[in-house]
Amino acid sequence: MPEGDAVYRTAARLRGALDGRTLTRSDFRVPQHATADLTGRAVLITLSRGKHLLTRVEGGLTVHTHLRMDGSWLVTPAGRRTAPGDRVRLILANAEWQAVGVRLGMVDLVRTGDEARLVGHLGPDLLGADWDPDEAVRRLRAAPGRTIGEALLDQRNLAGIGTIFRAETLFLRGVWPWKKVGEIEDLDGLVALAQRLLDANKGHAGTVTTGDRRPANATWVYGRAGRPCRRCGTRISRGEMGMRPQERLILWCAGCQPR
Ligand SMILES: [Zn+2]
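Residues numbered from 1 in each chain as written. Predicted model: local features only at pLDDT ≥ 70, side-chain atom pairs only at ≥ 80, totals over all residues. Heavy atoms only, no water.

A word on the packing of aromatic side chains. Two aromatic rings, taken as a pair, are described by how far apart their centres are and by the angle between their planes. Going through the model one piece at a time under the given rule, you end up with three aromatic pairs. With a centroid separation of 5.4 Å and an interplanar angle of 20 degrees, the aromatic rings of F171 and W220 are classed as stacked. Taken together, the residues span a long stretch of sequence, with F171 in helix α5 (residues 163–173) and W220 in the loop between α6 (187–201) and β9 (236–241) at a distance of 49 residues. A relative accessible area of 15% places W220 in the buried class. Connected via pairs of aromatic rings, a cluster forms that spans W176, W178 and W252. (Phe/Tyr/Trp six-rings, centres within 6.5 Å; stacked < 30°, edge-to-face > 60°. Helix = DSSP H or I, 4+ residues; strand = E, 2+ residues; numbered from the N terminus. Buried < 20%, exposed > 50% of the residue type's maximum accessible area, 1.4 Å probe, protein only.)

One finds I148, L158 and I161 to be the most contacted residues of the largest nonpolar core, which totals 24 residues. Broken down by element, the residue count for this core peaks at seven residues, all from α6. One finds L38, L53, V57 and A99 within the second-largest nonpolar core, a separate group that totals 21 residues. (Core = buried A, V, L, I, M, F, W, Y, C linked by side-chain atoms within 4.5 Å.)

Right, let's talk about unusual backbone geometry for a bit. The phi torsion at R68 lies on the positive side, around 50 degrees, for a residue other than glycine. Along the chain, R68 turns up in the loop between β4 (61–66) and β5 (72–77). Taking relative accessible area as the criterion, R68 reaches 38% and is therefore assigned partly exposed. Within the chain, R103 stands out as a residue other than glycine whose phi angle is a positive 50 degrees. By the secondary structure assignment, R103 is in the loop between β7 (97–102) and β8 (106–111). You can call R103 partly exposed: its relative accessible area is 28%.

Next up on the list: helix α3 (residues 133–141). All buried positions along α3 are accounted for by A136, V137 and L140. One face of α3 carries all of its buried residues, which in axial projection span an arc of 95 degrees. Residues of α3 that are exposed and point more than 90 degrees away from the buried face comprise D134 and R138. Those residues of α3 that are buried lie in contact with α4 (148–153) and α6. Of the residues that open α3, the one with a side-chain oxygen 3.2 Å from the backbone nitrogen of D134 is D132. (Arc of directions from axis to C-beta. Contact = heavy atoms within 4.5 Å. Polar contact = N/O pair within 3.5 Å; in protein donor to acceptor, adjacent residues only side chain to side chain.)

So far we have only geometry, and geometry alone does not tell us how the molecule works.
Dropping the structure here:
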């Protein structure tokens, strides 16, 4: 599932292809907006908010998209055919470029003034210009009995962390994922580290938390279930956190992150 760093990069690619250019085609392949047509309007900017994307269009409209589990935006020269079988949900194109939204989890078209209805619930964006660590910590602390693992994935607390950065952050802080938020001594330090990890990864594909970009060496625990911990040699554990059907993957080292 794309996390905040990947969504940040997607926004940058969409800005490069669409900003300041007039749409020559818009094709919403979702029932609720099937008749919408943005042709003739210039795209102003695409912004990322956590894992959400907001593409603002001339005339006070915003296209809201979310990649969810496996969505993506493909940017290609205009007129390029999309791969057969791609589940295209939205196409935005100008004379030079086309952006094809494939398997998008959400596609909405709203007034720009109503963006808050879609993203107003989000906590501070770890990669936003307005990142506010104190507010993120305040929101986390508001539910001290919650597990830190679940609280970090709740985008209402802070926006942008998914299962990879959750697992890596908790490992690096030596925190057992099921520890209660209220029992964590240095929540500020934990939040600051999560932000640094995302920020360090926003400029390139793939996730590197070890400082070693080689794929087999790039992470501490994520993708390493059953393999020896790079620090202590204990086999990395794999489990699930959260209530069904929202349970999500967690990896941790029982040696470095004791109960
Ligand atoms: Zn370990």
